[in-house]
Amino acid sequence: MPSLEHAAHHSVWDEPTTPVPSDAPHPVVRLADHERCSGCGYSLMGFSTDAVCPECGLPIDLRRANYASWVELRARTVTPMDTWVATGAVALASGPLAILTAFWGSLQLGDPVGVFSAIGAAPTVEEVGKVVAPLMLIESRPWMFRSRKQIVGACLVSAFVFAAIENALYLQVYLSSPSPKVVLWRWTVCVALHVGCTAIASIGLCRLHREMLVARKRSRLEIAVPYLAAAILLHAAYNAFALILHFSGAL
Ligand SMILES: [Zn+2]
(Lines give C-alpha, C1' and ligand atoms only; values in the text may rest on other atoms or scores of the structure.)
Protein backbone atom coordinates (compact mmCIF):
# COMPACT_ATOMS: atom_id res chain seq x y z
CA MET A 1 0.00 0.00 0.00
CA PRO A 2 1.31 3.53 -0.68
CA SER A 3 2.06 5.85 2.18
CA LEU A 4 -0.64 8.18 3.45
CA GLU A 5 1.80 11.09 3.72
CA HIS A 6 1.22 12.21 0.15
CA ALA A 7 -2.32 13.16 1.19
CA ALA A 8 -0.90 15.70 3.64
CA HIS A 9 0.81 17.66 0.91
CA HIS A 10 0.38 20.48 3.27
CA SER A 11 3.28 21.87 5.13
CA VAL A 12 4.96 25.22 4.68
CA TRP A 13 7.78 23.83 6.84
CA ASP A 14 8.64 20.83 4.69
CA GLU A 15 7.66 21.93 1.21
CA PRO A 16 10.96 21.04 -0.45
CA THR A 17 10.59 17.35 0.43
CA THR A 18 6.83 16.96 0.30
CA PRO A 19 5.99 14.64 -2.60
CA VAL A 20 3.40 16.05 -4.95
CA PRO A 21 0.50 13.63 -5.55
CA SER A 22 0.55 12.11 -8.98
CA ASP A 23 -2.37 12.87 -11.28
CA ALA A 24 -1.94 9.50 -12.99
CA PRO A 25 -5.11 7.39 -12.73
CA HIS A 26 -4.96 4.59 -10.20
CA PRO A 27 -6.17 1.25 -11.53
CA VAL A 28 -9.30 -0.08 -9.83
CA VAL A 29 -9.08 -3.67 -8.62
CA ARG A 30 -11.37 -5.91 -6.58
CA LEU A 31 -9.89 -6.94 -3.23
CA ALA A 32 -9.21 -10.49 -2.14
CA ASP A 33 -10.53 -11.88 1.13
CA HIS A 34 -7.44 -11.16 3.23
CA GLU A 35 -7.40 -7.39 2.58
CA ARG A 36 -8.26 -5.22 5.57
CA CYS A 37 -8.72 -1.47 6.01
CA SER A 38 -5.43 0.17 6.99
CA GLY A 39 -7.36 2.57 9.22
CA CYS A 40 -9.66 0.29 11.23
CA GLY A 41 -8.91 -3.29 10.17
CA TYR A 42 -12.42 -3.89 8.74
CA SER A 43 -12.51 -6.74 6.22
CA LEU A 44 -12.67 -5.35 2.69
CA MET A 45 -13.33 -8.58 0.82
CA GLY A 46 -15.18 -7.91 -2.43
CA PHE A 47 -14.74 -4.13 -2.33
CA SER A 48 -12.90 -2.39 -5.14
CA THR A 49 -10.05 0.06 -4.62
CA ASP A 50 -12.03 3.14 -5.70
CA ALA A 51 -14.39 2.75 -2.70
CA VAL A 52 -14.06 3.94 0.88
CA CYS A 53 -14.08 1.72 3.96
CA PRO A 54 -17.75 1.30 5.04
CA GLU A 55 -16.67 1.24 8.67
CA CYS A 56 -14.41 4.31 8.99
CA GLY A 57 -14.67 6.15 5.67
CA LEU A 58 -10.97 5.96 4.78
CA PRO A 59 -10.30 5.56 1.04
CA ILE A 60 -9.32 1.92 0.44
CA ASP A 61 -6.56 2.96 -1.97
CA LEU A 62 -4.59 5.44 0.14
CA ARG A 63 -3.39 7.23 -2.99
CA ARG A 64 -6.96 8.52 -3.14
CA ALA A 65 -6.79 9.80 0.44
CA ASN A 66 -7.14 13.52 0.98
CA TYR A 67 -6.11 15.90 3.74
CA ALA A 68 -9.16 15.03 5.88
CA SER A 69 -8.39 11.31 5.82
CA TRP A 70 -4.73 12.01 6.59
CA VAL A 71 -5.67 13.97 9.73
CA GLU A 72 -8.31 11.42 10.69
CA LEU A 73 -5.96 8.46 10.48
CA ARG A 74 -3.00 10.13 12.17
CA ALA A 75 -5.22 11.41 14.99
CA ARG A 76 -6.11 7.81 15.82
CA THR A 77 -2.48 6.90 16.41
CA VAL A 78 -1.99 9.22 19.40
CA THR A 79 -3.29 8.78 22.93
CA PRO A 80 -4.36 11.70 25.17
CA MET A 81 -1.12 11.10 27.11
CA ASP A 82 0.91 11.55 23.89
CA THR A 83 -0.72 14.93 23.37
CA TRP A 84 0.12 16.04 26.91
CA VAL A 85 3.74 14.93 26.50
CA ALA A 86 3.94 16.93 23.26
CA THR A 87 2.30 19.91 24.97
CA GLY A 88 4.84 19.78 27.81
CA ALA A 89 7.82 19.42 25.49
CA VAL A 90 6.74 22.34 23.31
CA ALA A 91 5.90 24.47 26.36
CA LEU A 92 9.36 24.00 27.90
CA ALA A 93 11.45 24.21 24.71
CA SER A 94 9.64 27.16 23.18
CA GLY A 95 10.73 29.95 25.59
CA PRO A 96 14.49 29.21 25.44
CA LEU A 97 14.25 28.84 21.64
CA ALA A 98 12.56 32.24 21.45
CA ILE A 99 15.38 33.77 23.55
CA LEU A 100 17.95 32.37 21.11
CA THR A 101 15.91 33.76 18.21
CA ALA A 102 15.75 37.19 19.85
CA PHE A 103 19.51 37.10 20.50
CA TRP A 104 20.19 36.19 16.93
CA GLY A 105 17.83 38.97 15.79
CA SER A 106 19.55 41.63 17.87
CA LEU A 107 22.98 40.46 16.71
CA GLN A 108 21.83 40.74 13.11
CA LEU A 109 20.59 44.27 13.74
CA GLY A 110 23.79 45.15 15.57
CA ASP A 111 21.96 47.74 17.64
CA PRO A 112 19.88 46.01 20.30
CA VAL A 113 18.80 49.22 22.06
CA GLY A 114 18.11 51.30 18.97
CA VAL A 115 14.68 52.86 18.49
CA PHE A 116 13.95 50.92 15.30
CA SER A 117 14.84 47.66 16.99
CA ALA A 118 12.83 48.45 20.14
CA ILE A 119 9.56 49.35 18.46
CA GLY A 120 9.86 47.36 15.22
CA ALA A 121 12.10 44.34 14.97
CA ALA A 122 12.27 43.28 18.62
CA PRO A 123 8.50 43.01 19.23
CA THR A 124 8.11 41.17 15.93
CA VAL A 125 10.92 38.69 16.56
CA GLU A 126 9.89 38.12 20.18
CA GLU A 127 6.15 37.69 19.56
CA VAL A 128 6.75 35.32 16.65
CA GLY A 129 9.52 33.50 18.54
CA LYS A 130 7.34 32.78 21.58
CA VAL A 131 4.66 30.94 19.55
CA VAL A 132 6.57 29.53 16.58
CA ALA A 133 7.20 26.09 18.14
CA PRO A 134 3.51 25.42 18.96
CA LEU A 135 2.59 26.91 15.58
CA MET A 136 4.92 24.50 13.75
CA LEU A 137 3.45 21.57 15.67
CA ILE A 138 -0.11 22.63 14.76
CA GLU A 139 0.83 23.13 11.14
CA SER A 140 2.63 19.82 10.70
CA ARG A 141 0.86 17.56 13.25
CA PRO A 142 -2.43 19.17 14.32
CA TRP A 143 -3.50 15.99 16.17
CA MET A 144 -0.72 16.45 18.72
CA PHE A 145 -2.92 19.04 20.44
CA ARG A 146 -6.34 17.80 21.55
CA SER A 147 -7.69 20.96 23.09
CA ARG A 148 -7.43 24.73 23.25
CA LYS A 149 -6.28 24.36 26.84
CA GLN A 150 -3.11 22.60 25.65
CA ILE A 151 -2.33 25.21 22.99
CA VAL A 152 -2.93 28.22 25.23
CA GLY A 153 -1.07 26.51 28.09
CA ALA A 154 2.00 25.75 25.93
CA CYS A 155 2.03 29.34 24.62
CA LEU A 156 1.69 30.92 28.08
CA VAL A 157 4.44 28.76 29.61
CA SER A 158 6.64 29.68 26.64
CA ALA A 159 5.96 33.39 27.23
CA PHE A 160 6.61 33.15 30.96
CA VAL A 161 9.89 31.27 30.50
CA PHE A 162 10.91 33.82 27.86
CA ALA A 163 10.13 36.73 30.19
CA ALA A 164 11.96 35.09 33.11
CA ILE A 165 15.15 34.48 31.07
CA GLU A 166 14.94 38.00 29.61
CA ASN A 167 14.60 39.44 33.12
CA ALA A 168 17.57 37.41 34.37
CA LEU A 169 19.66 38.70 31.47
CA TYR A 170 18.64 42.33 31.99
CA LEU A 171 18.92 42.34 35.75
CA GLN A 172 22.09 40.25 36.08
CA VAL A 173 24.01 40.99 32.87
CA TYR A 174 22.93 44.10 30.98
CA LEU A 175 22.14 46.50 33.84
CA SER A 176 24.74 47.15 36.49
CA SER A 177 23.06 47.32 39.92
CA PRO A 178 19.43 47.90 38.82
CA SER A 179 17.24 49.80 41.28
CA PRO A 180 14.48 47.91 43.19
CA LYS A 181 11.98 49.91 41.10
CA VAL A 182 13.43 48.48 37.88
CA VAL A 183 13.49 44.95 39.32
CA LEU A 184 9.84 45.25 40.39
CA TRP A 185 8.87 46.74 37.00
CA ARG A 186 10.50 43.89 35.10
CA TRP A 187 8.95 41.13 37.22
CA THR A 188 5.45 42.64 37.05
CA VAL A 189 4.85 44.82 33.99
CA CYS A 190 7.30 43.08 31.63
CA VAL A 191 6.13 39.57 32.57
CA ALA A 192 2.48 40.64 32.20
CA LEU A 193 3.26 42.19 28.82
CA HIS A 194 4.95 39.04 27.50
CA VAL A 195 2.29 36.67 28.80
CA GLY A 196 -0.58 38.98 27.76
CA CYS A 197 0.69 39.50 24.20
CA THR A 198 1.25 35.77 23.77
CA ALA A 199 -2.26 35.06 25.10
CA ILE A 200 -3.61 37.20 22.24
CA ALA A 201 -1.40 35.41 19.68
CA SER A 202 -2.48 32.01 21.06
CA ILE A 203 -6.12 32.74 20.13
CA GLY A 204 -4.98 32.76 16.49
CA LEU A 205 -3.24 29.40 16.97
CA CYS A 206 -6.44 27.95 18.48
CA ARG A 207 -8.49 29.15 15.52
CA LEU A 208 -6.01 27.63 13.06
CA HIS A 209 -5.95 24.35 14.99
CA ARG A 210 -9.74 24.20 15.08
CA GLU A 211 -9.95 24.67 11.33
CA MET A 212 -7.37 21.91 10.75
CA LEU A 213 -8.46 19.30 13.28
CA VAL A 214 -12.21 19.87 13.54
CA ALA A 215 -13.09 21.18 10.08
CA ARG A 216 -10.28 19.03 8.58
CA LYS A 217 -9.10 21.75 6.22
CA ARG A 218 -5.55 22.29 5.07
CA SER A 219 -3.50 24.69 7.11
CA ARG A 220 -4.02 28.36 6.35
CA LEU A 221 -1.50 30.17 8.52
CA GLU A 222 -3.09 33.52 7.68
CA ILE A 223 -5.92 32.67 10.10
CA ALA A 224 -3.43 33.24 12.95
CA VAL A 225 -1.89 36.41 11.53
CA PRO A 226 -4.35 39.10 12.80
CA TYR A 227 -3.89 37.88 16.39
CA LEU A 228 -0.12 37.76 16.02
CA ALA A 229 -0.16 41.26 14.51
CA ALA A 230 -2.22 42.54 17.47
CA ALA A 231 0.32 41.03 19.88
CA ILE A 232 3.21 42.67 17.99
CA LEU A 233 1.48 46.07 17.92
CA LEU A 234 0.68 45.95 21.64
CA HIS A 235 4.27 44.96 22.41
CA ALA A 236 5.63 47.75 20.17
CA ALA A 237 3.34 50.30 21.84
CA TYR A 238 4.63 49.20 25.24
CA ASN A 239 8.26 49.45 24.08
CA ALA A 240 7.65 52.97 22.74
CA PHE A 241 6.12 53.91 26.11
CA ALA A 242 9.09 52.37 27.98
CA LEU A 243 11.54 54.28 25.77
CA ILE A 244 9.78 57.54 26.62
CA LEU A 245 9.97 56.68 30.32
CA HIS A 246 13.65 55.77 29.92
CA PHE A 247 14.67 58.95 28.08
CA SER A 248 12.61 61.17 30.34
CA GLY A 249 14.44 59.66 33.33
CA ALA A 250 11.28 58.29 34.98
CA LEU A 251 12.61 54.71 34.90
ZN1 LIG B 1 -11.77 1.38 7.94
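Residues numbered from 1 in each chain as written. Predicted model: local features only at pLDDT ≥ 70, side-chain atom pairs only at ≥ 80, totals over all residues.

## Re the overall build of the protein
Applicable threshold: Each helix is a run of H or I in the DSSP string that is no shorter than four residues. Each strand is a run of E no shorter than two, and both are numbered from the N terminus. Every C-beta atom is placed from the backbone, and the number of other C-beta atoms within 10 Å of a residue's own sets its class: buried at 20 or more, exposed at 12 or fewer, partly exposed in between. Contacts here follow a simple rule: the backbone-placed C-beta atoms of the two residues must lie within 7 Å.
Of the regular secondary structure elements, the protein holds 7 helices and 0 strands. When the helices and strands of the protein are placed in sequence order, the string is α-α-α-α-α-α-α. Looking at the protein as a whole, 29% of its 251 residues qualify as buried. Excluding contacts between residues fewer than 6 apart, the proportion of contacts in the protein whose partners are at least 24 apart in sequence is 65%.

## Digging into the environment of Val28
Checked against the element boundaries, Val28 lands in the loop between α1 (5-8) and α2 (67-76). Between the alpha carbons of Val28 and Asp50 there is a distance of 5.9 Å; along the sequence they are 22 residues apart. In contact with Val28, other than residues within four places in its own chain, are Ser48, Thr49 and Asp50.

## Quick notes on the packing of helix α5 (residues 148-174) against helix α6 (residues 180-213)
The following threshold applies: Throughout, an axis means a line fitted to C-alpha atoms (over the contacting stretch in the case of helices), and angles, computed between N-to-C directions, take values from 0 to 180 degrees. Oblique is the label for any angle not covered by the other classes, which are roughly parallel (under 35 degrees), roughly antiparallel (over 145) and roughly perpendicular (65 to 115). Two helices cross in a left-handed way if the nearer one is turned anticlockwise from the farther one by less than a right angle. They cross in a right-handed way if the turn is clockwise. Residue polarity follows a fixed list, in which Ala, Val, Leu, Ile, Met, Phe, Trp, Tyr, Cys and Pro are nonpolar, Asp, Glu, Lys and Arg are charged, and the others, Gly among them, are polar.
Running from N to C, α5 and α6 point in directions that differ by 150 degrees, and their axes come no closer than 8 Å. Between α5 and α6, the angle falls in the class roughly antiparallel. Crossing of α5 against α6: the hand is right-handed. A breakdown of the residues in the contact of α5 with α6 according to their chemical character gives 19 nonpolar, 6 polar and 2 charged.

## Observations regarding the packing of α6 against helix α7 (residues 225-247)
Viewed as axis vectors pointing N to C, α6 and α7 meet at an angle of 165 degrees, and their least axial separation amounts to 6 Å. Judged by the inter-axis angle, α6 sits roughly antiparallel to α7. Crossing handedness for the pair α6 and α7: right-handed. Contacts from Leu193, Cys197, Thr198, Ile200, Ala201, Ile203 and Gly204 of α6 reach α7 at Val225, Pro226, Tyr227, Leu228, Ala230, Ala231, Leu234, His235 and Tyr238. Along the lines of polarity and charge, the residues of the contact of α6 with α7 split into 13 nonpolar, 3 polar and no charged.

## Some remarks on the nonpolar core
The following threshold applies: Nonpolar cores are identified as sets of buried Ala, Val, Leu, Ile, Met, Phe, Trp, Tyr and Cys residues joined via C-beta atoms within 7 Å. For the domains described, the bounds stem from an automatic or database domain assignment.
Formed by 46 residues in total, the largest nonpolar core has its most connected members in Leu137, Ile138, Cys155, Ala201, Leu205 and Ala231. Secondary structure elements with two or more residues in this core: α2, α3 (80-109), α4 (115-140), α5, α6 and α7. Counting residues domain by domain, this core receives three or more from each of domain 1 (1-77) and domain 2 (79-247).

## Focus: the confidence of the model for the protein
Put simply, the rule reads: Every residue carries a pLDDT, the predictor's confidence in it, which falls somewhere between 0 and 100.
For the protein, the average pLDDT comes to 85, and 86% of its residues sit at 70 or higher. Mean pLDDT values over the elements of the protein span from 62, in α1, up to 95, in α6. In this model residues 15-19 is a low-confidence stretch, pLDDT under 50, and it forms 3 contacts with partners more than four residues away in sequence or in other chains.

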